[in-house]
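Examination of the molecular architecture
Listed below, chain by chain, are the residues.
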Amino acid sequence: MVQRQFPRPAELFELMKFKKPELDAKKRRLQGALTIADLRDIAKRRTPKAAFDYTDGAAEGELSLARARQAFEDVEFSPRILRPAAEVDTSSTILGGPSAYPFAIAPTGFTRLMQTEGEVAGAGAAGAAGIPFTLSTLGTTSIEGVKAANPDGRNWFQLYVMRQREISYGLVERAAAAGFDTLQFTVDTPVAGARLRDKRNGFSIPPQLTAGTIVNAIPRPWWWFDFLTTPKLEFASLQSTGGTVGELLDAAMDPTISFDDLDVIRGMWPGKIVIKGVQNVDDAKALAAAGVDGIILSNHGGRQLDRAPIPFHLLPDVVREVGADVEIGVDTGIMNGADIVASVALGAKFTMIGRAYLYGLMAGGRAGVDRTIEILTGELVRTMKLLGASSLAELEPAHVTQLQRLVPRAAG
Ligand SMILES: Cc1cc2nc3c(=O)[nH]c(=O)nc-3n(C[C@H](O)[C@H](O)[C@H](O)COP(=O)(O)O)c2cc1C
């Protein structure tokens, strides 16, 4: 028999522990986001459709991106037991410099479109967290502006080699003069991928006001307030001729770039040089033989060739073939700190985040990027502890099985 009693008000009172409400709406919004997907939801609510779709979207049927994310979801972790991991060391040396975590912020074009703080928010947040920040050739903050936002941290510059070579070379010289330590030469963009959402939205650069954009703006007043009350949104290093981002890329990029261009750029750049957009073992071998410092396995977040190889699937073969000669980075599809852990376990020296950073930016400017990094590092540390790994060096291939919903092509 259960013994019953009259409820005692004092006991009830003890149970009522209401937290002090957070009055700062932005803080409340960001603290409520527990995952990068949560930040994406907030970003979608707050950003005009064309800008959100430009960021969130990929090329053609968006299969490259969906598959890359699925490959991370299909990781099976194998934890080791009774290995004390009360504290974990997440730091390492990446491309000759320190990084507090094995990830960097990826280069993204037109970043102030997503939220007016743009690259300044990304560089500042990266500097505060002790990770590198990469500025795109198509950035909306100057090289010097990024240096000012992240004066003591590591800045990397991403290079597109353009038809007008002198523009590209001028940027390389400026980045070197500003103390950027690594150059990322992107090679997966001979022409622009077909970003169908941009076409459907009639999205152009600079953004045009249409009846549709005006209706869409009504529930998103803060974005428009920022847009209209801050310096004009334009490329910091490039003249826009109008049109979609795809049309602009096609006009600016040189589809004839080759290994000869790599030699020229290496001659101009005093720091580390990394090739971004490598998608097979043979190219990785050729680049290692050419003496680059690193390669980034990437399909550009699925924004270029659709149905491209899944970068995470390429890791084991590429690490086996060239891992001793070059540092290997990987990106595309990272939405969780555990994705970063899995990549490091399979031999990546570092990873990069594109949209995860931009969702945070759209959700709350600098504070939103801080929240992105907080979420990812929390997941990363927790996953390492649950695996029983107290440092990045202790992560090993045995920790990860790549389940085969999508079967990678056999090596050889
Ligand atoms: C909105 C946006 C703009 C991008 N712009 C560039 C760019 O200018 N140069 C470049 O090399 N990569 C660019 N990328 C690709 C990223 O550097 C990175 O490879 C990709 O975002 C990684 O995938 P994730 O978004 O799933 O993390 C862009 C990606 C996005 C989402």
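First things first, this report covers the structure right here in the doc. (Residues numbered from 1 in each chain as written. Predicted model: local features only at pLDDT ≥ 70, side-chain atom pairs only at ≥ 80, totals over all residues.)

On to the site of the ligand, then. Residues in contact with the ligand amount to 23 residues; listed here are only the nearest, Ala-106, Gly-109, Gly-301, Gly-354 and Arg-355. When residues in the shell around the ligand are grouped by element, the largest group, 3 residues, is from helix α17 (residues 355-387). Among the residues making up the shell around the ligand, the classes are represented as 7 nonpolar, 12 polar and 4 charged. (Near = placed C-beta within 6 Å. Helix = DSSP H or I, 4+ residues; strand = E, 2+ residues; numbered from the N terminus. Nonpolar A, V, L, I, M, F, W, Y, C, P; charged D, E, K, R; others polar.)

For helix α16 (residues 337-345), a buried count of 9 out of 9 residues is recorded, marking the element as mostly surrounded by other parts of the structure. Listed in full, the buried residues belonging to α16 are Gly-337, Ala-338, Asp-339, Ile-340, Val-341, Ala-342, Ser-343, Val-344 and Ala-345. (Buried ≥ 20, exposed ≤ 12 C-beta atoms within 10 Å, placed from the backbone.)

Our focus in this paragraph is unusual backbone geometry. One non-glycine residue, Leu-95, adopts positive backbone phi at about 50°. Inspection of the secondary structure puts Leu-95 in the loop between β2 (92-94) and β3 (97-99). Judged by local crowding, Leu-95 falls into the buried class, with 22 C-beta atoms found within 10 Å. In the Ramachandran plot, Arg-307 falls in the positive-phi region, its phi being about 60° despite a non-glycine side chain. Residue classification places Arg-307 among the partly exposed positions, given that 13 C-beta atoms sit within 10 Å.

What follows covers the pairing of strand β10 (residues 327-330). Here β10 shows no split at all, with Glu-327 and Gly-329 on one side and Ile-328 and Val-330 on the other all buried. Regarding the hand of the β-α-β motif, the stretch spanning strand β9 (residues 294-297), helix α15 (residues 311-322) and β10 is right-handed. Two elements, β10 and strand β11 (residues 350-353), share 2 bridges in a ladder whose sense is parallel. Across the sheet, the residue bridging to Val-330 is Thr-351, located in β11. Taken together, β10, α16 and β11 form a β-α-β motif whose crossover is right-handed. (Right-handed = clockwise from strand over helix to strand, strands pointing away. Pairing = 2+ DSSP bridges.)

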